[in-house]
2 protein chains.
Amino acid sequence: MNIILLSGGSGKRLWPLSNDIRSKQFIKIFRTDDGYESMVQRVYRQIKSVDPNATVTIATSKAQVSAIHNQLGEDVGVSVEPCRRDTFPAIALATAYLHDVMGVPEDESVVVCPVDPYVGDDYFEAIKRLCEQASTGEANLVLMGIEPTYPSEKYGYIIPASGAEIAEVNSFKEKPDAKTAEEYIAKGALWNGGVFAYKLSYVLNKAHELIGFTDYQDLFNRYDTLEKISFDYAVVEKEPKIQVMRFSGEWKDLGTWNTLTEAMDEPTIGEAVLNDNCENVHVLNELNVPVICMGLHDVVVSASPEGILVSDKEQSSYIKPYVDKIDQQVMFAEKSWGSFRVLDVEENSLTIKVTLNPGHGMYYHSHMRRDEIWNVIEGEGIVTLDGKKREVGVGDIIEMKAGTRHTVTAVTELKIIEVQLGSEISVHDKQKFGRE
Amino acid sequence: MNIILLSGGSGKRLWPLSNDIRSKQFIKIFRTDDGYESMVQRVYRQIKSVDPNATVTIATSKAQVSAIHNQLGEDVGVSVEPCRRDTFPAIALATAYLHDVMGVPEDESVVVCPVDPYVGDDYFEAIKRLCEQASTGEANLVLMGIEPTYPSEKYGYIIPASGAEIAEVNSFKEKPDAKTAEEYIAKGALWNGGVFAYKLSYVLNKAHELIGFTDYQDLFNRYDTLEKISFDYAVVEKEPKIQVMRFSGEWKDLGTWNTLTEAMDEPTIGEAVLNDNCENVHVLNELNVPVICMGLHDVVVSASPEGILVSDKEQSSYIKPYVDKIDQQVMFAEKSWGSFRVLDVEENSLTIKVTLNPGHGMYYHSHMRRDEIWNVIEGEGIVTLDGKKREVGVGDIIEMKAGTRHTVTAVTELKIIEVQLGSEISVHDKQKFGRE
């Protein structure tokens, strides 16, 4: 099975765990035997358990590449969108990537799926069948239709021609109001979960026809010139040879704190104490200090290096405008080489903790307007300063005046307290020199 | 006026702003023109505005001395109890301190008052009159009796002989149940706020009689051998020549989050956003990241480097056992020279931010089992390492191997990132050598 997972942009509706650079699919909230996994890790694990040979490609923005490799390792394919251009260009690019970069033959089928549904393994069994159905060539597109459990106003609807497991599509309906949704459901309508399968050749041909490009690299290079247009609008709604396959298993969209906490196995993640008078309270605490909750009802508490949310669960879906007002610098980020966390902010200094995974290193870089000091607090590594390499370990101090090219590669897990000094400290003050 | 302020021990009922080393009277929650002041700062300011020449002595434990000088400056008198021995030894020691150290004559009067009442200036006007009344010698002890506003079960009661402003005391009553409190109030009873005035000679004589000591220093040296006994039990309840002066102004005891938040001028302190659906919500946020509250009712949120409390206001008075269960190292402390804050905790390292006030320095000290690195991020100072002095400024790095005697004195406000390295990092690993 070839699967393209669409990994959407940043979102603030799960602040403070999601923000401009950290998307909800990377939040680790699902209990595993030895810790927690994120939505993207859960989905990836589920796909691999249903089909160990599945080729998984994640279509996403540059900002997410580090987090993806950090959470899924280096084996997963990533189709990087140079900028955001809606779903048709994104799917065209990922399909070209599969064909031109990964060498998947044109007559193989591929299935496109959002990266963040909360589902059981049966969902991916269904996706496998969807892919197989696309291979038969009976239709150009085969959609997954989810059997509605209530007249939701949040989803689009698919009206099938019959109640068969695989049916022709009669029509598509935009997100309706609840009353209209009830009417659709009475007619046998299914939710459109944004999942569909096709043969590579189908989308490649459509893309060549609508965009005009030679190959993946050409499409990639011209990506910022493409028109923003959705796959639904550009392709799905115009395709006469289209089928829907019904799915009746569990399917949830964990887009708000209210729905997300429903999927938690335990009421708390991280250090937290709830007294007996708490009812329907969930705590997600990423800080290394405790949260105590007393006498709360229907409340979610979430604490991260970015901030603290305390919200009535129903109200939590209205958080976005309040988060938009906050002008908070990024306090924590996952990188391909590990992570960093801001420890202290002063007008002319910034202190951060850098953690590098074994074998990983930063880009070789320099800063124009700040000096840096590294205090190695754990592990061993190799530091390069202006071309000179040096082994470092606990207690070593590395001073880098502005302009010094520098990098460090971890031999074992390496932890560094980095002190940045200067009057214009900015993440944009960085000159990269490629891997040293 | 001579006034002894009793500054009680640590408390956990206002966690995470109070803890083992930080008492509630030092939390800065009262709005002033240019920031916030603490209970002890507010009371000190009020005393000085009512009587600019007042001699203020704070009777307290060693643990609070740094915070007192940090918040009130060096002019305030401090009578340090070498250990906790209840109120009679504490008041005897402070009285001996006033007489033997500060040179206050025996026939002057002194008033004893808790450090943390939430009151108006009229309270301190009344205290001044209390002091004057004690000077007349009509009685050996003159108590303040607060006119009850409701039948409280939290206070002891004083039954006066008449309704006069100054009356003889008929009897004392322990904390009653609400029904008994109503009966007391019907008889004209007053709350016992723990405020009383006497001539120095009176308590000095009682102390010599009950304890037997030569002078302040002798009493101080033998303090740990003294019996724990309250001033009420040892003195007040046995004294026949005793009067009560009534006070009818505002008087509050801000001992729980519920009562404390009632005294706040604004619903939030620190970075906080409340949506319109919040009602009766207070936020006290000491962290440098925002708190967002959505749709909460009757809730207090308090965040500090020690942890986060989210509590129904009524429930907040039951917090203590939950805080007792937490084994959290101290993350922030005020010192006589400034403050420190823990930024990062690892198994074999600790990173803290040290802020020194101009002109102040640490004790000259060394550690047996840890190395330290100082990264100066702001200001100028003088570092002493094994007797050698050196000027330091922004960007300087000072390395101290275990055993190195070291200290630093701030010339301007000095901020340092201190990295501690070792396998047995402990606050007890410290050898002091006195001021260098």
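Residues numbered from 1 in each chain as written. Chains lettered and ligands numbered in written order. Predicted model: local features only at pLDDT ≥ 70, side-chain atom pairs only at ≥ 80, totals over all residues. Heavy atoms only, no water.

Visitor: Please explain the overall build of chain A as it appears in this structure.
Guide: Each helix and strand counted, chain A has 10 helices and 30 strands in total. A compact globule built from 436 residues would reach a C-alpha radius of gyration of about 22 Å, and chain A, at 24 Å, matches this within 12%. Within the span of chain A, comprising 436 residues, buried residues form 55% of the whole. Sequence separation of 24 or more characterises 65% of the internal contacts of chain A that already satisfy a separation of 6 or more. Carbon and sulfur atoms make up 46% of the accessible area of chain A, which totals about 18200 Å². Counting 44 positive and 67 negative side-chain charges, chain A places the centres of these two groups 3 Å from one another. (Helix = DSSP H or I, 4+ residues; strand = E, 2+ residues; numbered from the N terminus. Rg over C-alpha atoms; globule rule 2.2 N^0.38 Å. Buried < 20%, exposed > 50% of the residue type's maximum accessible area, 1.4 Å probe, protein only. Contact = heavy atoms within 4.5 Å. Areas by Shrake-Rupley, 256 points an atom, 1.4 Å probe, with all protein chains shown as cover. Lys, Arg positive; Asp, Glu negative; His and termini not counted. Charge placed at Lys NZ, Arg CZ, Asp CG, Glu CD.)

Visitor: Is there a simple way to explain the confidence of the model for chain A in this structure?
Guide: Of all residues in chain A, 99% attain a pLDDT of 70 or more, and the chain-wide mean is 93. Quick note on the complex model: pTM equals 0.86, ipTM equals 0.85. (pLDDT = per-residue confidence, 0-100.)

Visitor: For this particular structure, what's the right way to read the nonpolar core?
Guide: One recurring pattern in soluble globular proteins is that nonpolar side chains are buried together. Counting residues in each nonpolar core, the largest one holds 66 residues, and the members touching the most others are Cys293, Val310 and Leu356 of chain A together with Cys293, Val310 and Leu356 of chain B. The residues touching valine 310 of chain A, leaving out its near neighbours within four places in the chain, are Val299, Val300 and Val301 of chain A together with Ile292, Cys293, Met294, Leu296, Val301 and Val310 of chain B. (Core = buried A, V, L, I, M, F, W, Y, C linked by side-chain atoms within 4.5 Å.)

Visitor: What am I meant to see in the sheet that holds strand β27 (residues 397-400) of chain B here?
Guide: The strands making up a sheet associate through hydrogen bonds between their backbones, and the pairing can be parallel or antiparallel. Residues and elements named next belong to chain B. Strand order in this open sheet of 6 strands is β20-β21-β22-β29-β24-β27, and the pairing throughout is antiparallel. The open sheet terminates on both sides in strands that have one partner only, identified here as β20 (332-335) and β27. Here the average twist between neighbouring strands, direction ignored, is 20°. Two strands pair when backbone bridges link them, and β20 and strand β21 (residues 338-346) are joined in this way by 4 bridges, in the antiparallel orientation. Bridging from a neighbouring strand, glutamate 334 pairs with serine 339 of β21. (Pairing = 2+ DSSP bridges. Axes fitted to C-alpha atoms, helices over the stretch in contact; angles between N-to-C directions.)

Visitor: Would you mind showing me how to read helix α4 (residues 121-136) of chain A here?
Guide: Count 3.6 residues to each turn of an α-helix, and residues three or four apart come out pointing the same way. In this model, α4 of chain A (16 residues) spans 24 Å end to end at C-alpha, consistent with the 22 Å of a helix rising 1.5 Å per residue. Glycine 137 of chain A sits one or two positions beyond α4 of chain A and adopts a positive phi of about 80°. (Expected span 1.5 Å × (residues − 1).)

Visitor: Can you walk me through the relation of the copies chain B and chain A in this structure?
Guide: Here the two chain copies are tied together by a rotation about an axis and a shift along that axis. Overlaying chain B with chain A gives an RMSD of 0.1 Å, the required rotation being 180° about an axis along which the chain moves by 0.0 Å. Seen this way, the second copy is the image of the first under a two-fold rotation axis. Distance from the rotation axis, computed per C-alpha, reaches its smallest value in chain B at leucine 343 of chain B: 2.9 Å. A shared interface surface links the copies, since 100% of the contact residues of chain B are contact residues in chain A too. (Least-squares fit on C-alpha atoms with pLDDT ≥ 70 in both.)

Visitor: What am I meant to see in the pairing of strand β10 (residues 166-173) of chain A here?
Guide: Residues in a regular strand point their side chains to alternate faces of the sheet. Residues and elements named next belong to chain A. Inspection of the sheet shows strand β9 (residues 156-160) paired to β10 by 4 bridges, in the antiparallel sense. Opposite isoleucine 159, over in β10, you have serine 171 as the bridge partner. The loop that links β9 with its antiparallel partner β10 comprises 5 residues. By the bridge criterion, 3 bridges tie β10 to strand β12 (residues 242-247) in an arrangement that is antiparallel. What sits directly across from alanine 167, in β12, is valine 244.

Visitor: In this structure, what is going on with the interface of chain B and chain A? I would like to understand it.
Guide: How large an interface is tends to be reported as the accessible area lost when its parts come together. In this assembly, 54 residues from chain B lie in contact with 54 residues from chain A. For the pair chain B and chain A, the summed buried area comes to about 4300 Å², and 65% of that belongs to carbon and sulfur atoms. Three residues, Ile292, Met294 and Ile308 of chain B, lead the burial of chain B against chain A; their summed loss comes to 16% of the area buried on that side. For the salt bridge of glutamate 346 of chain A with lysine 353 of chain B, the shortest nitrogen-to-oxygen distance reads 2.5 Å. (Buried area = accessible area lost by both parts, 1.4 Å probe. Salt bridge = Lys/Arg side-chain N within 4 Å of Asp/Glu carboxyl O.)

Visitor: Whenever I open this one, the sheet that holds strand β21 (residues 338-346) of chain A confuses me. Can you help?
Guide: All names here are of chain A. Judged by pairing direction, the sheet is antiparallel, and its 6 strands sit side by side in the order β20-β21-β22-β29-β24-β27 without closing on themselves. Looking at the sheet topology across the chains shown, the edges are occupied by β20 (332-335) and β27 (397-400). Strand after strand, the sheet turns through a mean of 20° between neighbouring axes, direction not considered. Of the strand pairs in this sheet, strand β24 (residues 371-378) and strand β29 (residues 414-421) are connected by 7 bridges, and their pairing is antiparallel. Across the sheet, the residue bridging to glutamate 372 is glutamine 420, located in β29. In this fold helix α2 (residues 62-72) packs onto β20 and β21, with an angle of close to 70° to the strand it touches most, β20.

Visitor: Mind showing me how you'd approach the packing of aromatic side chains here?
Guide: The way to describe two aromatic rings as a pair is by their centre distance and the angle between their planes. Residue and element names in this part refer to chain B. Counted by the stated rule, this structure contains 30 aromatic pairs over all chains. Ring centres 4.8 Å apart and planes at 50° place the aromatic pair tyrosine 155 and tryptophan 191 in the tilted group. Of this pair, tyrosine 155 sits in the loop between β8 (141-146) and β9 (157-160) while tryptophan 191 sits in strand β11 (residues 190-199), and the two are 36 residues apart along the sequence. Of the two residues examined, tyrosine 155 and tryptophan 191, each falls in the buried class. (Phe/Tyr/Trp six-rings, centres within 6.5 Å; stacked < 30°, edge-to-face > 60°.)

Visitor: Help me understand unusual backbone geometry in this model?
Guide: Residues and elements named next belong to chain A. A cis amide bond, omega 5°, links tryptophan 15 with the succeeding residue proline 16. The topology assignment puts proline 16 in the loop between β1 (2-6) and β2 (28-32). Of note in this structure, aspartate 298 is not a glycine but carries a positive phi near 55°. Mapped onto the elements, aspartate 298 comes out in strand β18 (residues 297-304).

Visitor: What should I look at first to understand the environment of tryptophan 374 of chain B in this one?
Guide: Residues and elements named next belong to chain B. Along the chain, tryptophan 374 falls in strand β24 (residues 371-378). We classify tryptophan 374 as buried; its relative accessible area is 1%. With residues near it in sequence (within four places) discarded, tryptophan 374 still touches Met362, Val383, Asp396, Ile397, Ile398, Met400, His406, Thr407, Val408, Ile416, Ile417 and Glu418. A distance of 2.7 Å separates polar atoms of two side chains, one belonging to tryptophan 374 and the other to glutamate 418. (Polar contact = N/O pair within 3.5 Å; in protein donor to acceptor, adjacent residues only side chain to side chain.)

Visitor: Would you take a moment to explain the environment of glutamate 424 of chain B for this structure?
Guide: When you line up the elements, glutamate 424 of chain B lands in the loop between β29 (414-421) and β30 (431-432). Sequence separation between glutamate 424 of chain B and methionine 1 of chain B is 423 residues; the distance between their C-alpha atoms is 50 Å.

Visitor: Can you help me understand the packing of helix α1 (residues 39-50) of chain B against helix α4 (residues 121-136) of chain B in this one?
Guide: If you want to describe how two helices pack, look at the angle between their axes and the distance between the axes. Residues and elements named next belong to chain B. Closest axis-to-axis distance for the α1/α4 pair is 9 Å, and the angle between their directions is 60°. Taken together, the axes of α1 and α4 lie oblique to each other. The crossing of α1 and α4 is right-handed. Contact residues: α1 offers Val43, Gln46, Ile47, Ser49 and Val50, while α4 offers Asp121, Phe124, Glu125 and Lys128. Here the contact of α1 with α4 is composed, by residue class, of 4 nonpolar, 2 polar and 3 charged. (Parallel < 35°, antiparallel > 145°, perpendicular 65-115°, else oblique. Left-handed = near helix turned anticlockwise from the far one by under 90°. Nonpolar A, V, L, I, M, F, W, Y, C, P; charged D, E, K, R; others polar.)

Visitor: In this structure, what is going on with the pattern of salt bridges? I would like to understand it.
Guide: Opposite charge on two side chains allows them to pair when their charged atoms are near. In total, this model carries 43 salt bridges over all chains according to the counting rule given. Between glutamate 266 of chain A and arginine 31 of chain A there is a salt bridge; the shortest N-O distance is 3.2 Å. Of this pair, glutamate 266 of chain A sits in the loop between α9 (257-262) and β14 (268-269) while arginine 31 of chain A is found in strand β2, placing the two residues 235 residues apart along the sequence. Glutamate 266 of chain A gets classed as partly exposed once you look at its relative accessible area, which sits at 34%. Given a relative accessible area of 39%, arginine 31 of chain A falls into the partly exposed group. The salt bridge partner of lysine 353 of chain B is aspartate 344 of chain A, with a shortest N-O separation of 2.8 Å. Residue lysine 353 of chain B is located in strand β22 (residues 349-356), and its partner aspartate 344 of chain A is located in strand β21; the two belong to separate chains. Of the residues examined, lysine 353 of chain B reaches a relative accessible area of 12% and is grouped as buried.

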